[in-house]
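What follows is the residue order along each chain.
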Amino acid sequence: MNEIRDHVISLLVSKFDVPAEMVTTDTTLEDMDLDSLARVELLVTLEERWHISLTDDDDSSADISVEQLVQRVRDLVDGDAGEQGRPA
Amino acid sequence: MSKAPVAVTGIGLVTPAGIGAEQSWRAVLDGTATAAPDPQLAGLPVDLSCRVTGYDPRIHVGGRQPWRLDRYSQFAVTASREAVADANLSPGSWDGARVAVVLGSAAGGVASYENAVSTVRDKGPAAVSALTMPAFLPNMACGQLAIDLGARGPALSTATACASGATAILTAAMLLQAGACDVAVAGGSDSMVTPVCVAAFAQIKALSRNRDPGSASRPFDAARDGFVIGEGAGFLILERQADAVSRGARVRALLAGYGSAADAYQPVAPHPEARGLRDALVQALDSAGASFADVDHVNAHGTSTLLNDRAEALMLARTFTSRPPSVTSVKGVLGHTMGAAGAIEAALTVLSVQHQVVPPTGGFAAPDPDTARIDLVVGSARQQRLNLALSCSAGFGGHNAVLAFAAVLSPLGTARSQSAARRPG
């Protein structure tokens, strides 16, 4: 869980140039001024790193917080590990 | 129809010789080649390039945008901002609806495209970056400048290969003279130092195989064997002279005339007598109200390829029979910056006219019988009276563009100043 959270936060700061002080667990993607293009790129990058498939439900990703995003990734990683019987 | 005189009130440059017009200009005057071995080209038939060094998009673009932009768009943002500031203009204070952006590029975000191709092949389509399309489309640097500068007038992209930047500048002058805008941000940008581009240019023997960085790019030299690929951006701020004078702007030089013509000959080889380039040159002089004898200097296309330099030198020698102008090619220092070259060279020609000095042709050692017929500036910069100077550009496809710049205090410039003063409004 911490590894996923660390990756998401690191990604937001290093790739998307979000000021580090702006990234808290409750901050939403919209709060961080990530527009639709940036949000798609964020999901694509997470999919690539964690070998998962994230579905962008219309614009709902704008409203989700960092913590919710971390949880979504974790659920998918855990689910995938459970199904395939291998560690994430 | 009488055309309103056009003033150059600002310039901005990102070149292999420096980030900024002043740094680039000093390096070009010095004449030292910027070519260097390029680790990213290791294993390719040619591994020399003229890259922009020390460029950090987080510093030179800043804000939250750099990660979205291909390098060619980043260069364009940096250089255009410098040009706007140099003209003492500000996006916060102008009427954006009257500001045009015209940007030339030979290949757009080709590096982003090559990365995406590799990703599809190696990782599958789901891994392709969401930024791919906005990064590589050839108009996106232009669109980005419009966003960055709040410019809501005409926003046009020109693609005439290595004449693209010069074509953008003459297109912008037409827009100003047609009354379609009051300010034009015009120039070119390219970053084509990529494996595919280098391999493809090498296949058609366009690149120098000389491994000495100091002499690989040697325009008009007897031993020239191709160009060294470079990257960068150059921008001019153009305004109708009457508008520039009325707001008290410093006018660096006047864009006195321009010409555009095609070889209609062959896809990559220039016409042996540079037919299209000569036609563009004649048009430029006609529109400037000048004759061959008025031309003091030519900033040549001078790529360091066998065919271009021979055709261009022969054309210049046959055209200027009574009073040969001085000739230089800055590609000896900067390499060939592709679609940016015409705009970078236009900016450097403006500085030549403003400061009355011609930079030397880097890399040059000795002429051949064809190139010996022009008055090439070599060794060191030459102080010279410059009333009228031409910047010549040519590109694959047979595109040619010539820009004529006049000194503000020259007879041509004075005549145009008086004409501008008489113009109502």
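Residues numbered from 1 in each chain as written. Chains lettered and ligands numbered in written order. Predicted model: local features only at pLDDT ≥ 70, side-chain atom pairs only at ≥ 80, totals over all residues. Heavy atoms only, no water.

Caption draft 1: Region of interest: the interface of chain A and chain B. With 17 residues of chain A in contact, the opposing surface of chain B contributes 14 residues. Each partner contributes to the roughly 1200 Å² buried at the junction of chain A and chain B, and carbon and sulfur atoms together form 47% of this total. Taken together, chain A and chain B are joined by three salt bridges. With its nearest N and O atoms 2.6 Å apart, the salt bridge here joins A:Asp17 to B:Arg58. (Contact = heavy atoms within 4.5 Å. Buried area = accessible area lost by both parts, 1.4 Å probe. Salt bridge = Lys/Arg side-chain N within 4 Å of Asp/Glu carboxyl O.)

Caption draft 2: Representation of the layout of surface pockets in the model. Residues and elements named next belong to chain B. As a volume, the largest pocket reaches approximately 840 Å³. Asp-70, Ala-111, Ser-112, Asn-115 and Ser-129 are, among the 33 residues lining the largest pocket, the residues nearest its centre. Residue contributions to the lining of the largest pocket peak at eight residues, all from helix α4 (residues 110–123). When the residues that make up the lining of the largest pocket are grouped by side-chain class, the tally is 12 nonpolar, 11 polar and 10 charged. Lining the second largest pocket are 26 residues; nearest its centre among them are Val-268, Pro-270, Thr-305, Asn-308 and Phe-396. Contributing elements (two or more residues each) for the lining of the second largest pocket: α11 (306–319), β15 (388–395) and β16 (399–406). In terms of residue count, α11 provides more of the lining of the second largest pocket than any other element does, three residues in total. Along the lines of polarity and charge, the residues of the lining of the second largest pocket split into 12 nonpolar, 10 polar and four charged. (1 Å grid on protein atoms, 1.4 Å probe; cavity = no way out; pocket = protein on both sides within 12 Å on 5 of 7 lines; lining within 4 Å. Points joined across faces, edges and corners; volume = space filled by probe spheres on them. Helix = DSSP H or I, 4+ residues; strand = E, 2+ residues; numbered from the N terminus. Nonpolar A, V, L, I, M, F, W, Y, C, P; charged D, E, K, R; others polar.)

Caption draft 3: The arrangement of helix α7 (residues 164–177) of chain B in detail. Residue and element names in this part refer to chain B. Helix length check: α7, at 14 residues, gives a terminal C-alpha distance of 20 Å against a target of 20 Å (1.5 Å per residue), a fit within 8%. Summarising burial for α7: 12 of the 14 residues are buried, a large majority. Along α7, the residues classified as buried are Ser-164, Gly-165, Ala-166, Thr-167, Ala-168, Ile-169, Leu-170, Thr-171, Ala-172, Ala-173, Leu-175 and Leu-176. Where α7 terminates, the next one or two residues include Gly-179, which has phi positive at roughly 80°. (Expected span 1.5 Å × (residues − 1). Buried < 20%, exposed > 50% of the residue type's maximum accessible area, 1.4 Å probe, protein only.)

Caption draft 4: Quick peek at a nonpolar patch on the surface. Residue and element names in this part refer to chain B. Taken together, the side chains of Ile-204, Val-268 and Phe-396 make up a nonpolar region of the molecular surface, amounting to roughly 230 Å² of accessible area. When you line up the elements, Phe-396 lands in the loop between β15 and β16. Using a relative accessible area of 33% as the deciding quantity, one classes Phe-396 as partly exposed. (Patch = residues over 30% accessible without salt bridge, like charges linked within 9 Å, V, L, I, M, F, W, Y side chains within 5 Å. Areas by Shrake-Rupley, 256 points an atom, 1.4 Å probe, with all protein chains shown as cover.)

Caption draft 5: Structural view of the environment of B:Pro267. Residues and elements named next belong to chain B. As for its position among the elements, Pro-267 is in the loop between β9 (253–262) and α10 (275–288). Pro-267 sits 76 residues away from Ala-343 along the chain, and the two C-alpha atoms are 22 Å apart. Those residues in contact with Pro-267, other than ones at most four positions away along the chain, are Phe-396, Gly-397 and Gly-398.

Caption draft 6: Just the packing of α10(B) against α11(B), in detail. Residues and elements named next belong to chain B. At a minimum axis separation of 9 Å, α10 and α11 run at an interaxial angle of 45°. Taken together, the axis directions place α10 and α11 in an arrangement best described as oblique. The hand of the α10/α11 crossing is right-handed. Along its contact with α10, which presents Leu-277, Arg-278 and Leu-281, the element α11 presents Glu-312, Met-315, Leu-316 and Thr-319. By residue class, the composition of the contact of α10 with α11 is four nonpolar, one polar and two charged. (Axes fitted to C-alpha atoms, helices over the stretch in contact; angles between N-to-C directions. Parallel < 35°, antiparallel > 145°, perpendicular 65-115°, else oblique. Left-handed = near helix turned anticlockwise from the far one by under 90°.)

Caption draft 7: Inspection of helix α13 (residues 341–355) of chain B at higher detail. All names here are of chain B. For α13, spanning 15 residues, the distance from its first C-alpha to its last is 21 Å, which sits close to the expected 21 Å at 1.5 Å a residue. For α13, the buried fraction is high: 13 of the 15 residues fall into the buried class. Phi for Gln-356, located one or two positions after α13, is positive at around 60°.

Caption draft 8: The arrangement of the side chain of B:Arg252 in detail. Residue and element names in this part refer to chain B. The topology assignment puts Arg-252 in the loop between α9 (241–246) and β9. In terms of polar contacts, Arg-252 uses its side chain to reach the side chain of Asp-86, at 2.9 Å. Within the local environment of Arg-252, its side chain forms a polar contact with the side chain of Gln-354, the two groups lying 2.7 Å apart. (Polar contact = N/O pair within 3.5 Å; in protein donor to acceptor, adjacent residues only side chain to side chain.)

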